[in-house]
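# Chain and residue survey
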Protein chains: 2
Amino acid sequence: MARRLEVALERKAIVAAAFEVLAEHGLDGLNMRKLAARLSVQAPALYWHIGDKAELLGLMADFIYVEARAAVPACAGWREWLLAFGRALRHSLVSRRDGARICATARPGKASDPADRARAIAAPLVALGLDQPRALSFQASVISLTLGWSSYQENGPMHDFLGDMLDFDTSFELGLQALVRGYSAASLPGSTSACPAI
Amino acid sequence: MARRLEVALERKAIVAAAFEVLAEHGLDGLNMRKLAARLSVQAPALYWHIGDKAELLGLMADFIYVEARAAVPACAGWREWLLAFGRALRHSLVSRRDGARICATARPGKASDPADRARAIAAPLVALGLDQPRALSFQASVISLTLGWSSYQENGPMHDFLGDMLDFDTSFELGLQALVRGYSAASLPGSTSACPAI
DNA sequence: ACCTGAACACCGTTCAAGT
DNA sequence: ACCTGAACACCGTTCAAGT
């Protein structure tokens with residue numbers, strides 16, 4: 001059982017090392033040999049712990065999402081949660097090199113049970129009163145918007161191009177609030193006036 | 001001058017051939033040798049016409065955006081235009097293999113003048129009453145949302161995972177409408193009631 | 001169970017040489 | 001001006017062999 005823990009630790013160490021290589025060399029410079037070297041090991045050794053490079057990228061993306069979700073404070077309602085999650089995810093993406101590119105590229109890892117995974121992802125929003133389909137749908141939209149704006153910012157030419165005309169933080173925040181406000185209006189129809197609950 | 005036209009044609013032919021290879025082999029199977037073979041040429045010949053593979057991907061992304069914008073009908077207002085553009089872009093992305101991945105990966109090409117390019121991109125929205133920063137910002141958000149939802153759909157594992165729980169078309173449409181509705185509320189402040197400036 | 005050494009297939013790109 | 005032939009450096013991955 002101590003053995004089992006060590007293996008789990010090795011996987012974490014690989015992901016951690018991958019983020020270090022990423023910070024130094026960017027996604028294009030992140031290859032299996034450099035990653036292995038940082039772990040004082042030969043490249044083929046990695047394949048004992050992970051299936052392939054795509055899986056590694058998936059683990060890195062997972063790490064970013066988990067980090068973002070952990071940074072979301074307790075919220076009074078699902079609107080607040082969506083806003084806080086969007087901001088937290090954006091922070092997690094922008095604060096590391098090529099973060100958005102990694103998350104945009106990565107395929108989700110093989111979950112034991114997809115239904116369980118969906119439940120876990122939807123959980124915080126369901127706890128705040130949303131049904132599960134809406135929880136997944138709204139969250140997926142927030143992720144899209146956040147990933148997109150983070151990509152614009154980290155993408156060199158795009159950054160230079162858009163950066164002259166507008167502020168990324170402000171534009172992202174404007175979009176995020178618009179999206180959540182729009183969902184809010186759609187999901188709470190008859191209650192009062194034009195602006196029931198934001 | 002006949003010469004000049006031929007070169008321009010070759011570039012178009014390369015992009016067209018690239019889309020054919022893409023349709024057959026996907027983005028991971030799109031490489032310079034296969035592309036060259038389809039044009040009955042050797043791989044190094046391509047480098048006479050394009051700088052590198054990244055530029056090719058950029059041209060492919062441009063093609064998709066141009067196609068989408070050309071598909072937007074005349075609109076009565078900027079909200080309608082944003083909705084129509086989002087739907088058109090989604091169609092352009094989903095109707096070809098790995099379309100979203102291409103657009104998410106690609107860096108914008110070197111424009112002669114970035115300010116000109118920005119003006120051109122913003123033009124249809126500016127014509128409908130939006131100022132240029134808002135035109136760029138709103139459009140960028142719509143692109144983010146559309147790219148994201150199209151990615152979810154293309155991405156095998158993600159498709160299987162989300163596809164059980166919700167319908168991609170419906171969820172995308174819901175998000176797009178929410179976003180535009182939210183922008184609408186933010187951009188028409190003093191009109192009526194309680195929701196001045198969120 | 002976990003790692004090394006050596007190798008394979010493949011890929012983007014360069015460049016001298018042709019026409 | 002435009003293309004070929006040959007090559008280079010690099011990369012993900014495999015696999016037999018070690019311990």
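So, how was this worked out
Residues numbered from 1 in each chain as written. Chains lettered and ligands numbered in written order. Predicted model: local features only at pLDDT ≥ 70, side-chain atom pairs only at ≥ 80, totals over all residues. Heavy atoms only, no water. Near = heavy atom within 4 Å. Polar contact = N/O pair within 3.5 Å; in protein donor to acceptor, adjacent residues only side chain to side chain. Helix = DSSP H or I, 4+ residues; strand = E, 2+ residues; numbered from the N terminus. Nonpolar A, V, L, I, M, F, W, Y, C, P; charged D, E, K, R; others polar. Expected span 1.5 Å × (residues − 1). Buried < 20%, exposed > 50% of the residue type's maximum accessible area, 1.4 Å probe, protein only. Salt bridge = Lys/Arg side-chain N within 4 Å of Asp/Glu carboxyl O. Least-squares fit on C-alpha atoms with pLDDT ≥ 70 in both. Contact = heavy atoms within 4.5 Å.

## Focus on the protein's contact with DNA strand C
In the region of DNA strand C, 18 residues are neighbours, and Gln42 and His49 of chain A together with Arg33, Tyr47 and Lys53 of chain B sit closest. Of what DNA strand C places within 4 Å of the protein, 55% of the atoms are sugar or phosphate. In this structure, histidine 49 of chain A approaches DNA strand C through a side-chain N or O atom, which is 2.6 Å from a phosphate oxygen. Interatomic distance of 2.7 Å between a side-chain N/O atom of arginine 33 of chain B and a base nitrogen of DNA strand C. For the surface near DNA strand C, the secondary-structure elements that each account for two or more residues are α1 (2-25) and α3 (43-49) of chain A together with α2 (32-38) of chain B. The biggest single contributor to the surface near DNA strand C is α3 of chain A, with four residues. By residue class, the composition of the surface near DNA strand C is nine nonpolar, three polar and six charged.

## A word on helix α4 (residues 53-70) of chain B
If you check α4 of chain B, its first and last C-alpha atoms are 26 Å apart, about what 18 residues at 1.5 Å a residue would give, namely 26 Å. Within α4 of chain B the residues assigned to the buried category are Leu56, Leu57, Gly58, Met60, Ala61, Ile64 and Ala68 of chain B.

## A few points about the pattern of salt bridges
In total, this model carries 20 salt bridges over all chains according to the counting rule given. Across the pair arginine 38 of chain B and glutamate 20 of chain B runs a salt bridge, and its minimum N-O distance is 3.0 Å. On the criterion of sequence distance, the pair formed by arginine 38 of chain B in helix α2 and glutamate 20 of chain B in helix α1 (residues 2-25) is long-range, its members being 18 residues apart. Judged by relative accessible area, which is 34%, arginine 38 of chain B ranks as partly exposed. For the salt bridge of arginine 134 of chain B with aspartate 131 of chain B, the shortest nitrogen-to-oxygen distance reads 2.9 Å. On the accessibility criterion, arginine 134 of chain B (35% relative accessible area) is partly exposed. Given a relative accessible area of 34%, aspartate 131 of chain B falls into the partly exposed group. A single network of salt bridges, built from pairs that share partners, joins Glu20, Glu24 and Arg38 of chain A.

## Describing the protein's contact with DNA strand D
For DNA strand D, the set of nearby residues contains 17 residues, the closest of which are Arg33, Tyr47 and Lys53 of chain A together with Gln42 and His49 of chain B. Expressed as a percentage, the sugar and phosphate content of the atoms of DNA strand D within 4 Å of the protein is 55%. At 2.8 Å, a side-chain N or O of tyrosine 47 of chain A approaches a phosphate oxygen of DNA strand D. In the model, a phosphate oxygen of DNA strand D is placed 2.7 Å from a nitrogen or oxygen of the histidine 49 of chain B side chain. Along the lines of polarity and charge, the residues of the surface near DNA strand D split into nine nonpolar, three polar and five charged.

## Some points on the relation of the copies chain A and chain B
With an RMSD of 0.0 Å, chain A superimposes on chain B once it is rotated by 180° and translated 0.0 Å along the axis. In the structure described here, the two chain copies are related by an operation that fits a two-fold rotation axis. An overlap of 93% is found between the interface residues of chain A and their copies at the interface of chain B, pointing to a shared contact surface.

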